[in-house]
Each structure stands twice: as C-alpha cells, then as structure tokens.
Amino acid sequence: MPPSLHLAWCHLCSWSLSLEGMPSPKHMPPAAAAGAEDGKALVRKMLREVLVGREDPEWFFAMCVSALGHQETRSQFLSLIQPLSTANSSLHSTLTSIYREYFSKTEDDELELALALSLLEMKDHQLSTPSQDSPLQQPGDRPNQRRSVQLASVSQPQGSSHAQLADVVGRRENTKSSQGAPWVKSSQPQTTQETELQESAHVYKCNKETPGTCKAECVSRLSGSVSKQDTVEKGNQMMDEGELTESQKPKRSKNRRQRRKGAGQHVVGLPCSPSAQPPVLLWFRRDLRLCDNPALIGSLEVGAPVIPVFIWSPEEEEGPGITVAMGGACKYWLHQALSCFSLSLENIGSHLVFLKANRERSGVGSSVQTIKELVKETGARTVVANALYEPWLKERDDAVVSALQKDGVECKMFDSYCLRDPYSVSTEGVGLRGIGSVSHFMNCCSQNPGSALGAPLDPPVSLPAPSNWPQGVSLDILGLARMPRRKDGTTIDWAANIRKAWDFSEEGAHARLEAFLQDGVYRYEKESGRADAPNTSSLSPYLHFGQLSPRWLLWDAKEARCRPPKFQRKLAWRDLAYWQLTLFPDLPWESLRPPYKALRWSSDRGHLKAWQRGRTGYPLVDAAMRQLWLTGWMNNYMRHVVASFLIAYLHLPWQEGYRWFQDTLVDADVAIDAMMWQNGGMCGLDHWNFVMHPVDAAMTCDPCGTYVRKWCPELADLPDELIHKPWKCPASMLRRSGVVFGQTYPERVVTDLEERRTQSLQDVAVVRKKFGQYVDKRSGCDLVPLPQRLVSEALGLSHSDGGVVTTGKQFLLPVITRMEFKHQLEDPDADAASNPYNAVLKGYVSRKRDETIAFLNERDFTASVMYEGTQRRERLESDYRRMEGLPRPAAPRGRARRTPTAKDRFSVVPGGAVTSLR
C-alpha cells in the first residue's frame, strides 16, 4: 500500500467512525439533502484551515471523502483544488499526489486489504468469545464503532472498500483540545488493531516481494501480535478488578501509559511514519515573533514538520570593517528576546534550535556551511526565512540560496522587515531632485508601487514537530550576554537597569503598543519631543528584532481613534534609511559628500569620554547620555541634542557618535543610525537645517527640569529657571543645593558655545571652497556622486532593457544643502551670529505658546504707552494743584492687578505683562 494512501486512510477513519449510524445522503430528508449539496462550500472552508496551517493535507482529503462521498471526490476534487496551482503550488502538488495514490488501487492492494480484514476478523472472533465487551474497547468508545470492525467484509464493491478499510485501520486516538487548536500534541497510543494491521500488511509485502524468504519473520510477527494481545487482555482484567475494589474511575495499564508517554511527542496530522514529508527548516533571524510572520506561515503551507533554528555568526552579523552592527546592548536584548521566543514556541508544541556557525579555514563562522550540514542531518528539502536588507547580509543570503539550489533544496525568502523591499524602490517617474528626504522617498513608493501590503497574519495555534530534532547548543553558548569580570572574580552586571526597564517578549511589545495607542498617541503629534513625559511609543527595539512587524504596527495605528500622520511617517523614515543603505553600502563609515571628508575634526579624547559618560557640564546632554547608558534608549529629540553637541560644539567626528550609539542602544540599527549621524554630521544626503542648542533646547523637551532631576540627581535642588544652566546660579544657591563644580557635578568641557559654532561654520566653508568641483556654481548646493543603480534608473536602463551603467564618467547630483553653508561660502571668516540663516534652533514649549507671547508683547507695548500718558497727566495735575494750593485728590481704594496666564515658567514676557508663577 502506498505510504501516503495509508496516512490518508488513517485520517479518514476517525471521521467515518464519527459519522457511524448517520443516514446516507440518498435517504436524508429534503432539508438534509439540501445541506449535503453545500459540500463544496464546506470543502473550501476546510481548505482555508489547511492554508493557515491549522490542519494538514491528509486531513483535508479525508474530510473531502467524508463530505462529498467517494464518487464525487473522484470527479470533482481536482477542480476544487485547481486555484492552488498558482496560489500555492507545493500544497497543490501534495494534494494531487494524495488523490492519485488514493484512486489508483491495484489487485495487489485488494489482496492486501482482504488479508488484513480476514486476519482481524479471526482475532475479533477469538477475543469476543470470553465476554460480551471487547477487552480492547476503551471507556470512550461507542459500541457501534466496535461493530463496524466486526462487520467488515472482503466481498464488498470497490467503491466502498476504502471506507471499510478506514473503519478497520482504527480510530484517531489523539483528540483535539479545542476546535481552534488542531495542532496539539497527541496523547493517545496506537491501538493493538492498528499494530496488527501494519504487521499483516508487512506479511503480505514480504510474500509478494521475496517469496519464500520471509516466512520465519512473518510467523514471528504473527505470534508476537498474539502475545501482545494476551498481555493487553491480562492488563485489562487487572484493571477491571481494581475498579471493583478501589473506585469507579477507569485506569490504564502500565504499558499503555508508557506508549502514551512516547506518543505524546508527536503532533496531530503529521505522525511519525514512513509517509511523513521531509521537514522544513524555518530560519529565524530578526523576526522573533509569531504574529504576522510570513516565513512562519509559509513553512506551515508546505505541509511538513517544521524545525525552527537560529544560527549565530558574529562575523556576519557585526558587518564588515567598523560597522559595529551588533553592539553589547543589542546582543543582550537579542539574548533575552531569543529566550522569550523559545518559550513561545514551546507553548505551541515546538522549540527553537540554537546553532553557532561553523568556522571555515579562514576562522570565520559561515552560515552557509552550517545550513548545508543541517539540511544533510535532517533531510530537509525546504528552507524558509524572512529577508534581511543589509548589503553584507543579503550577500550572505544569496550565497545560501545558491548553495541550496545546487543541492536541490528549495529556499524561500519573504519580505516583512520593512513595509517596502528597499531593493524594489525606484526613482522612475519622480526623478532625483530632493533625494534623501522622506517626501521624495514616499513619492517614489507611490509612483512605483510594489506588491500589496496586505493584512497582518494571525499567529499559528501550533507547529508540527519532526520525529527527530537536530542537535543544537544552549543559548548561553552563543555568548550574547557575556558580562565582564573584576580582578576578584565578581561579575559586573551592566545590564541590570536594562532588565528593569524593558519586557523582552513579543507580549511585551504588544502591551507597549496598546498602552501607547491608549494614551501617548494623542500627544505625539505636538509633544513627541518631550523627554519628561512618555509621549513616544518606545517600540524601536521591538521593531528592530522583529518582535513587532511594521505592518502590524501600521494597521494598529490606522485603527486607533487618533491617527497621527507624524507617527506613521516614522515608518517611512525607517524604510528610507534601508533604501539609502542599499544605495551606499559604505554609509556607516564613509561620508557621502566628498568635501566633508577633509573636515578638521578635534582629537580630544577627554571631550569624547566626557560626552560618553554624561559628564560634559551641560545638564540636558548629561541626562540624555546617562539614560542611554543605564537603559539603552533615549527618544529621538534627545538623540538630536547629543549629536548636535558632539559635532557642532565639540567638533568630534560623527563616526565616534555612531559607534557609541551602536554599542549602547538596544535598538541599534545600522541603516537608521548611519543615515541620522551622516545627516547630523553635515555629510549625508539630507542637510538638516537646524542645530540643537544644549541649553535652549530644554524649553522644548524639559521645561520644568523633571528629566534632568531624574538622571542628574545632584542637581535636583536647583530652581527650574537655572537647572539647565547651573553655572549662572549664585554661590549661595549652589551651596544650599550641595552643588560643587568639579566634585559633585563636572565643570563645562567648553564654555564659549558661540565661538565653537563659529569655528564649525568656518571649517565647513574652508573645505567647500577647497573642493569647489563638488559645489554647484549655480545653486550653491553640494554635489554627490551617484551610485550606478540610480544612474541606470535616471537613464531609463533599469526597467527598459535591464542594462546597468558600470563604466564611464562619474555622475554628480546636486543635493539638499543647508542655507547657512551657502551664505558662509561668500564670507568664510564671518561669525555665526552675523549669518542670517543661523541654524541654531531655539527651544520652545509649543508654537501656540510663541504666538501667545508675540500677542502679549504687542498688547504690553500698547498698554505701556497708555500707562505713560496716564502718568504724565497725573503728574501735571499734581503739579497744578500744588502750585494753586489745592488739596490732593482722594487716593483710589484698590488697584487693578494683572493675573499671570502662562502655563510654564519660561513664558515670562518682557515688560511685566505676564509674570512668573513663582
């Protein structure tokens, strides 16, 4: 008997037994007959269960035979599954092979069936003689199920022999825990009748294939089955005696419990048998989630056991050169996330296999070699994964796909890490003007749409497990969460505060998203820059490690009552960063604008160390850097503040800031950090027309000093007006607050901020004048060499004939350039204060506040003019009365007072129109 046919019959038997005693469609009443005509709709509904991975193909075919009948299935099954030929070719081929094996009965199969039925009839007759109830009948069995075995006949027509064989093969003992969870672990053992049937089938095959050579083995198998039957009978008799003396609760024999213990490791729908398909390798990387995971659902659609694996190769993950794609904080998060995700897989009947990449002769760990060895060990014929877009990782994945295809192994890559595959973004129809801005990128995506985004995918209820698991290593062997040791042997637990601040699980990601959509999203549009309030989502680390998919986040944000476009735009910024990284693979270490490579940077390591440790003497900068070190995170506004201070005021190269962020951020992302530091370092595709002032920026992000008091507690007793500039406090106030510069709080590393800004502008003007060939004479914009991919698209070669420009002259493109740089080029020695396009951004609490202050200033001027006129008239009248000897006028009883209307202490309007709250 073909193995897959035997498996399909095993699935069919449980449903045919459950339908025992029900009338056939021919004898149904009219209403029931009308319901039977809806069998096709029922089949389509069951097919959806198979597509989402809740059921297996053999179950679907068995249900089709039960719902449609033998003849209808023979004639209509292929037409019902025809749409799968384009939508899911692998599932279509699996169902087609099951159909053909089922309906290709030969005379040998008939003879095998007859032998099996006659043997079972003889055994049933012997076992039913001592008692009325069969000793093999379980407490939950119905009498008609037992009779269906005894009444099986060999001389039945061919059309019904399959259904009778399904009854003989036995019931599907493993029951489902719920209707929505079919992939639960099996808990019932194989019945003795099933064992005898398999042994009798083996007897026939031996005689058919090698006559005269298997007689001894056949006799031993038959006698062994009888002895097993006697053993089960004795065990059940002992159970009956125990029921009379102890309780009425049914018990199972010892050997049955042992068989059940072994059977509990299998998954319903995919039993361990010769007919089981080769397993599927599900390669997890930065997609550690169950919800909306296309690779996970794709592995289930293959219809085979799934082996989830995670391969760690430090040399590949950390990137080439000084990329530092995986810093210490990032590795620690990955360690915790893998631990949580492994528990999630265990809850659905699977687990994650950890592997460390095998080292090649060069001493570098190779994922290609590890995957090939894993395929050889498990016999897998399919590898499924979600794509990564870093150029070095894509090159690695392409090598894996090529090596597997040479060995005849199919490798499927799904796009889910970004909303749009960055390698599919094209500038056709948009042009190159404004490249680097998020508006230009969104126009490119809208003009050249890719595949539809689709709806998020629900998580699977369970995963089919293989019969044999590959040998893995423990998570600790990967070395992701190593802690340094002191000389005395004690461990330095630098990640203690990170553990307190974060929940590393997928459930923690969804809980944080839900909390943000319930509260913070309503303040995000106007107050996302506040560091003293939780107005941001803090979801960046979950997005980076794939514990939350961007599609799931976008859908939830759109379904919220408040739909802030600014928040949704952040996902476009994320995709833009990966698009730039694919265009410029050296983005993490090489300035995109050639003149800025020659900038004169400072080499003061003391300033760099003070910035890293949060001891610059500027409270806002220090608070942000201390938060980064302790929790591995800070909001986007504070990242701009500390980056501007490092580059514009300390004159340190942007690469130093990038490397520190990559090592200390739990959401360290090569593409995003490299793009942002390049733009902040004045050499990226997009020049930001602002520089954050380390003191004035506090009016926007921390107007009352709450943020500084949290992370710089030594300054907690200073008043709100002076906490961001403690050097202006009187000595008596510092003494009362316990602040001693150089002891309790550091001195400022630089004192004259205006002079430092002027020097930065002059240095930029010098290099732009020196490399005039990279400055457009007409517009004053910087010129950037274009990558070959953009040149090909600009020339219309990428989609017309597949041509790509690889040789020829260098193409230069004018890009966005800061206005103050253009003006400074005309007078390189001018100071920053005289530049009309000075980019230093003065902080504000809100734009509405600035408009209110302007209105109050105007009102105050008018009121002051009127007040001066009133005072002048009062003086003239007083002088006249004194000269004439007249008495003074009576003084007014009360005097009108102005009430303060400002909501923050920074809103002190000159002239006294609005006074401070203190």
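Everything numeric here is computed off the predicted structure, so don't read it as measured data.

Calculation notes
- Residues numbered from 1 in each chain as written.
- Predicted model: local features only at pLDDT ≥ 70, side-chain atom pairs only at ≥ 80, totals over all residues.
- Heavy atoms only, no water.
- Helix = DSSP H or I, 4+ residues; strand = E, 2+ residues; numbered from the N terminus.
- Buried < 20%, exposed > 50% of the residue type's maximum accessible area, 1.4 Å probe, protein only.
- Contact = heavy atoms within 4.5 Å.
- Phe/Tyr/Trp six-rings, centres within 6.5 Å; stacked < 30°, edge-to-face > 60°.
- Lys NZ or Arg CZ within 6 Å of the ring centre and 35° of its normal.
- Arc of directions from axis to C-beta.
- pLDDT = per-residue confidence, 0-100.
- Salt bridge = Lys/Arg side-chain N within 4 Å of Asp/Glu carboxyl O.
- Pairing = 2+ DSSP bridges.
- Axes fitted to C-alpha atoms, helices over the stretch in contact; angles between N-to-C directions.
- Core = buried A, V, L, I, M, F, W, Y, C linked by side-chain atoms within 4.5 Å.
- Polar contact = N/O pair within 3.5 Å; in protein donor to acceptor, adjacent residues only side chain to side chain.
- Right-handed = clockwise from strand over helix to strand, strands pointing away.
- Patch = residues over 30% accessible without salt bridge, like charges linked within 9 Å, V, L, I, M, F, W, Y side chains within 5 Å.
- Areas by Shrake-Rupley, 256 points an atom, 1.4 Å probe, with all protein chains shown as cover.
- Lys, Arg positive; Asp, Glu negative; His and termini not counted.
- Charge placed at Lys NZ, Arg CZ, Asp CG, Glu CD.
- Parallel < 35°, antiparallel > 145°, perpendicular 65-115°, else oblique.
- Nonpolar A, V, L, I, M, F, W, Y, C, P; charged D, E, K, R; others polar.
- Left-handed = near helix turned anticlockwise from the far one by under 90°.

Student: So what exactly am I meant to see when it comes to the overall build of the chain here?
Tutor: If you tally the helices and strands in the chain, you get 36 helices and eleven strands. Residues classed as buried in the chain amount to 50% of the 918 residues present. For the chain, the proportion of contacts with a sequence separation of at least 24, taken over those separated by at least 6, is 76%.

Student: Please clarify how the packing of aromatic side chains should be interpreted in this entry.
Tutor: Think of a pair of aromatic rings as described by two things: how far the centres are apart, and how the planes are tilted against each other in angle. By the definition in use, this model includes 26 aromatic pairs. With a centroid separation of 5.7 Å and 10 degrees between ring planes, the pair formed by F77 and Y99 is classed as stacked. Placement of the pair is F77 in helix α5 (residues 70-80) and Y99 in helix α7 (residues 89-102), with a sequence separation of 22 residues. Residue Y99 is classed as buried on the basis of its relative accessible area, which comes to 10%. Centre to centre, the rings of F516 and Y524 are 5.9 Å apart; their planes meet at 85 degrees, and the pair counts as edge-to-face. In this structure, F516 and Y524 share a single accessibility class: buried. Directly above the aromatic system of Y524 lies the positively charged group of K566, at a separation of 5.9 Å from the ring centroid.

Student: Honestly, α5 in this entry has me stumped. Any pointers?
Tutor: The α-helix advances 3.6 residues per turn, and as a result positions three or four apart in sequence lie on the same side. Along α5, the residues that are buried comprise H70, T73, Q76, F77 and L80. Down the axis of α5, the sector holding all buried residues measures 135 degrees, keeping them to one side. Residues of α5 that are exposed and point more than 90 degrees away from the buried face comprise Q71 and S75.

Student: How should I be thinking about the confidence of the model for the chain in this particular structure?
Tutor: Detail in the predicted coordinates should be disregarded across regions flagged by low pLDDT. The predicted model of the chain has a mean per-residue pLDDT of 76, with 70% of residues at 70 or higher. Per-residue pLDDT stays below 50 along residues 799-806; that stretch engages in 13 contacts with residues further than four places along the chain or on separate chains. In the model, residues 895-918 has pLDDT below 50 throughout and makes 39 contacts with residues more than four positions away in sequence or in other chains.

Student: Before we go on, may I ask you to explain the pattern of salt bridges in this structure?
Tutor: For the structure on display, the rule yields 24 salt bridges. Across the pair R659 and E656 runs a salt bridge whose closest N-O atoms are separated by 3.5 Å. One end of the pair is R659 and the other is E656, both in helix α28 (residues 654-664) and three residues apart, which spans about a single turn. For R659, a relative accessible area of 26% puts it in the partly exposed group. Looking at E656, the relative accessible area reads 15%, which means it is buried. Linked through salt bridges whose partners overlap, the residues forming this network are R285, E316, R396 and D397.

Student: Please clarify how unusual backbone geometry should be interpreted in this entry.
Tutor: With the exception of glycine, the majority of residues adopt a negative phi angle, and the majority of peptide bonds are in the trans configuration. At V324, a residue that is not glycine, the phi angle is positive and equals roughly 50 degrees. With respect to the helices, strands and loops of the structure, V324 is situated in the loop between α15 (314-317) and α16 (328-347). If you check the backbone angles, M682 has positive phi at about 70 degrees while not being a glycine. Positionally, M682 belongs in the loop between α29 (670-680) and β8 (691-692). We classify M682 as buried; its relative accessible area is 6%.

Student: Please explain the sheet that holds strand β6 (residues 382-386) as it appears in this structure.
Tutor: Two orientations exist for strands paired in a sheet by backbone hydrogen bonds: parallel and antiparallel. Taken in spatial order, the five strands line up as β3-β2-β1-β6-β7 in an open sheet, and their pairing is parallel. Edge positions in the sheet fall to β3 (353-356) and β7 (410-414), since each of these pairs with one other strand and no more. Mean inter-strand twist for the sheet, computed between neighbouring axes without regard to direction, equals 25 degrees. The sheet strands contacting helix α14 (residues 294-301) are β1 (280-284), β2 (306-312), β6 and β7, and the helix crosses β6 at an angle near 160 degrees. Where helix α18 (residues 391-406) meets the sheet, its contacts fall on β1, β6 and β7, and the angle it forms with β7 comes to roughly 150 degrees.

Student: Before we go on, may I ask you to explain the environment of R512 in this structure?
Tutor: Relative to the elements of secondary structure, R512 occurs in helix α21 (residues 506-527). Residue R512 is classed as partly exposed on the basis of its relative accessible area of 24%. Each C-alpha atom, one on R512 and one on S537, is 7.2 Å from the other, the two residues being 25 residues apart in sequence.

Student: Before we go on, may I ask you to explain the nonpolar core in this structure?
Tutor: The tendency in soluble globular proteins is for nonpolar side chains to be buried side by side. Ranked by size, the top nonpolar core spans 155 residues in total, and within it L334, L338, W611, M638, F661 and W677 carry the most contacts. It is helix α27 (residues 636-649) that provides the largest number of residues to this core, a total of ten residues. Other than its neighbours up to four places away in sequence, W611 contacts T616, V621, M625, V642, F645, L646, L650, G657, W660, F661 and W677.

Student: Just to check I follow, could you spell out the side chain of T817 for this structure?
Tutor: Of note, T817 is situated in the loop between β10 (812-814) and α35 (819-826). There is a polar contact of 2.9 Å between the side chain of T817 and the backbone nitrogen of D782. Polar side-chain contacts of T817 include one of 3.1 Å to the backbone oxygen of V815. Sequence-distant contacts of T817, defined by excluding residues within four places in its chain, comprise R593, H687, R768, G780, C781, D782 and K822.

Student: Explain the pairing of β1 to me, please; I cannot follow it from the model alone.
Tutor: Taken residue by residue, a regular strand's side chains alternate between the two faces of the sheet. By the criterion of burial, β1 is predominantly enclosed, with five of the five residues buried. Burial along β1 is two-sided: the face carrying V280, L282 and F284 and the face carrying L281 and W283 are both buried. Pairing of β1 with β2 involves five bridges; the strand directions are parallel. Looking at β2, one finds that V280 is bridged to V306. Handedness of the β-α-β unit built from β1, α14 and β2 comes out right-handed.

Student: I would appreciate a short explanation of a negative patch on the surface in the present structure.
Tutor: Residues D752, E754, E755 and D831 make up a contiguous surface patch of negative charge. With respect to the element layout, D752 can be found in the loop between α32 (731-737) and α33 (753-770).

Student: What is the right way to look at the pairing of β6 in this model?
Tutor: Counting buried positions along β6 yields five of five residues, so the element is predominantly enclosed. The alternating pattern of β6 places T382, V384 and N386 and V383 and A385 on opposite faces, both of which are buried. Summarising the sheet, β1 and β6 pair through four bridges and their orientation is parallel. From the neighbouring strand, V280 faces β6, where its bridge partner is T382. Where β6 meets β7, five bridges bridge the pair, whose relative direction is parallel. Across the sheet, the residue bridging to T382 is E410, located in β7.

Student: Whenever I open this one, the packing of helix α19 (residues 438-447) against helix α24 (residues 565-583) confuses me. Can you help?
Tutor: Axes are the key here: two packed helices are described by the angle between their axes and the distance separating the axes. Relative to each other, α19 and α24 sit at 85 degrees, their axes nearing to 10 Å. Taken as axis vectors, α19 and α24 run roughly perpendicular relative to one another. Facing α19, whose interface residues are V438, S439, H440, F441 and M442, α24 presents R569, A572, W573, D575, L576 and W579. Taken together, the residues of the contact of α19 with α24 break down into seven nonpolar, two polar and two charged.

Student: Help me out: how do you make sense of the environment of A674 in this one?
Tutor: For A674, the location among the structural elements is in helix α29. Residue class for A674 comes out buried when judged on its relative accessible area of 0%. When neighbours within four sequence positions are excluded, A674 is seen to be in contact with L587, P588, Y658 and D669.

Student: Would you explain the packing of helix α17 (residues 367-378) against α18 in this entry?
Tutor: Running from N to C, α17 and α18 point in directions that differ by 35 degrees, and their axes come no closer than 9 Å. In the packing of α17 onto α18, the handedness of the crossing is right-handed. When α17 is examined against α18, the residues S367, V368, I371, K372 and V375 are found in contact with a partner set consisting of R396, A399, V400, A403 and L404. Taken together, the residues of the contact of α17 with α18 break down into seven nonpolar, one polar and two charged.

Student: Please clarify how helix α23 (residues 550-559) should be interpreted in this entry.
Tutor: Every buried residue of α23 is accounted for by P550, R551, W552, L553, L554 and A557. The inward-facing, buried residues of α23 contact α14, α21, α22 (540-544) and α24.

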